[in-house]
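Breakdown of the fold
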Amino acid sequence: MNQVKARNMITLLHLFAATLLAPFFILVAITGGLYVADIKPKTEQTKLEFNAPITINADSKTLDDDVKAILLDNGLDIEFEYLKNRGSTITTRPTSRDYVEFKQEGEAWSATLNDPNFHYSMMELHKGHGPSLFKKYQIIAGIALFMIMMSGLFVGFVSKAYRMKMIISTSIGTAIFMILAFLV
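Source: prediction; values computed, not measured. (Residues numbered from 1 in each chain as written. Predicted model: local features only at pLDDT ≥ 70, side-chain atom pairs only at ≥ 80, totals over all residues. Heavy atoms only, no water.)

Describing the overall build of the protein chain
The helix and strand tally for the protein chain stands at six helices and five strands. Of the regular secondary structure in the protein chain, the N- to C-terminal order runs α-α-β-α-β-β-β-β-α-α-α. In summary, the protein chain has a C-alpha radius of gyration of 23 Å against a globular reference of 16 Å for 184 residues, an excess of more than 25%. With the C-alpha coordinates aligned to their principal axes, the bounding extent of the protein chain is approximately 75 × 40 × 30 Å. Within the protein chain, buried positions represent 29% of all 184 residues. (Helix = DSSP H or I, 4+ residues; strand = E, 2+ residues; numbered from the N terminus. Rg over C-alpha atoms; globule rule 2.2 N^0.38 Å. Buried < 20%, exposed > 50% of the residue type's maximum accessible area, 1.4 Å probe, protein only.)

Some words on the nonpolar core
A general trend in soluble globular proteins is that nonpolar side chains are found buried together. Counting residues in each nonpolar core, the largest one holds 18 residues, and the members touching the most others are Phe 50, Ile 56, Leu 71, Ile 90 and Phe 102. Of all the elements in the fold, those that place two or more residues in this core are helix 3 (63-73), strand 4 (99-105) and strand 5 (108-116). With four residues, the single largest contributor to this core is helix 3. When sequence neighbours within four positions are dropped, the list of residues in contact with Phe 50 reads Ile 70, Asn 74, Leu 76, Phe 102 and Ala 111. Listed in part, the six residues of the second largest apolar core include Leu 21, Leu 27, Ala 141 and Ala 144. (Core = buried A, V, L, I, M, F, W, Y, C linked by side-chain atoms within 4.5 Å. Contact = heavy atoms within 4.5 Å.)

Remarks on the packing of aromatic side chains
Each aromatic ring pair is summarised here by two numbers: the centre-to-centre distance and the angle between the ring planes. Under the counting rule described, the total for this entry stands at six aromatic pairs. Relative to Tyr 137, the ring of Phe 24 has its centre 5.6 Å away and its plane inclined at 80 degrees; by these criteria the two rings are edge-to-face. With Phe 24 in helix 2 (residues 22-36) and Tyr 137 in helix 5 (residues 132-158), the pair connects residues that are 113 residues apart, well separated along the chain. Given a relative accessible area of 10%, Phe 24 falls into the buried group. A ring pair is formed by Phe 177 and Phe 182, whose centres lie 6.2 Å apart and whose planes are at 80 degrees; its orientation type is edge-to-face. There is no split in this pair, since Phe 177 and Phe 182 are both exposed. Linked through ring pairs, Phe 24, Phe 25, Phe 134 and Tyr 137 together constitute an aromatic cluster. The ring of Phe 80 has Lys 68 sitting right over it, with the charged end atom 5.6 Å from the ring centre. (Phe/Tyr/Trp six-rings, centres within 6.5 Å; stacked < 30°, edge-to-face > 60°. Lys NZ or Arg CZ within 6 Å of the ring centre and 35° of its normal.)

Points about the pattern of salt bridges
If you walk through the whole model with that rule in mind, you get four salt bridges. Note that Glu 81 and Arg 97 form a salt bridge whose closest N and O atoms lie 3.9 Å from each other. Taken together, the residues span a long stretch of sequence, with Glu 81 in the loop between helix 3 and strand 2 (82-85) and Arg 97 in the loop between strand 3 (89-93) and strand 4 at a distance of 16 residues. Among the salt bridges present, the one from Glu 101 reaches Lys 103, with a minimum N-O distance of 3.9 Å. The exposure class assigned to Lys 103 is partly exposed, which follows from its relative accessible area of 40%. (Salt bridge = Lys/Arg side-chain N within 4 Å of Asp/Glu carboxyl O.)

Some thoughts on the environment of Ile 167
Checked against the element boundaries, Ile 167 lands in helix 6 (residues 160-183). Here Ile 167 falls in the partly exposed class, since its relative accessible area comes to 31%. Separated by 89 residues in the primary sequence, Ile 167 and Ile 78 have C-alpha atoms spaced 52 Å apart.

If you want it as structure tokens, here you go:
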């Protein structure tokens, strides 16, 4: 394969991967930008009242089943894939949809039902707190983003018409990044 065909093939793969993953990259750009701009997402919280005081052993090997039983016993149909256990706080995950947060206060436990708005749901996906299958998609997207960036740099470098512009632009971008990240 000659150099022109190879460059055209890499360009096509670059464009295909970039457009295939564009929705994910847009999600990350918007949610990340809003977050650093201090526009925080919201969740509607409802304190849950239980039929009887609940007891949770955060160290239990059957914690997932214990939490499922508590929720079902109290008429709550909250599906979760796993729990985030911080000892005195237990959260059902994913948190990109309705979730319950249990908090220990002394010996007693309380719980809050959280109904995230769209912005909150998207931010939770961004942070990797979504469904397991979406987290696998994020890993693939991260690898693909790296490949997209590298193939873009490669195509720019091997094209005589774009080489100097690409080198200058990449150098300026790298300098800005380094200054803002490490020197300011």
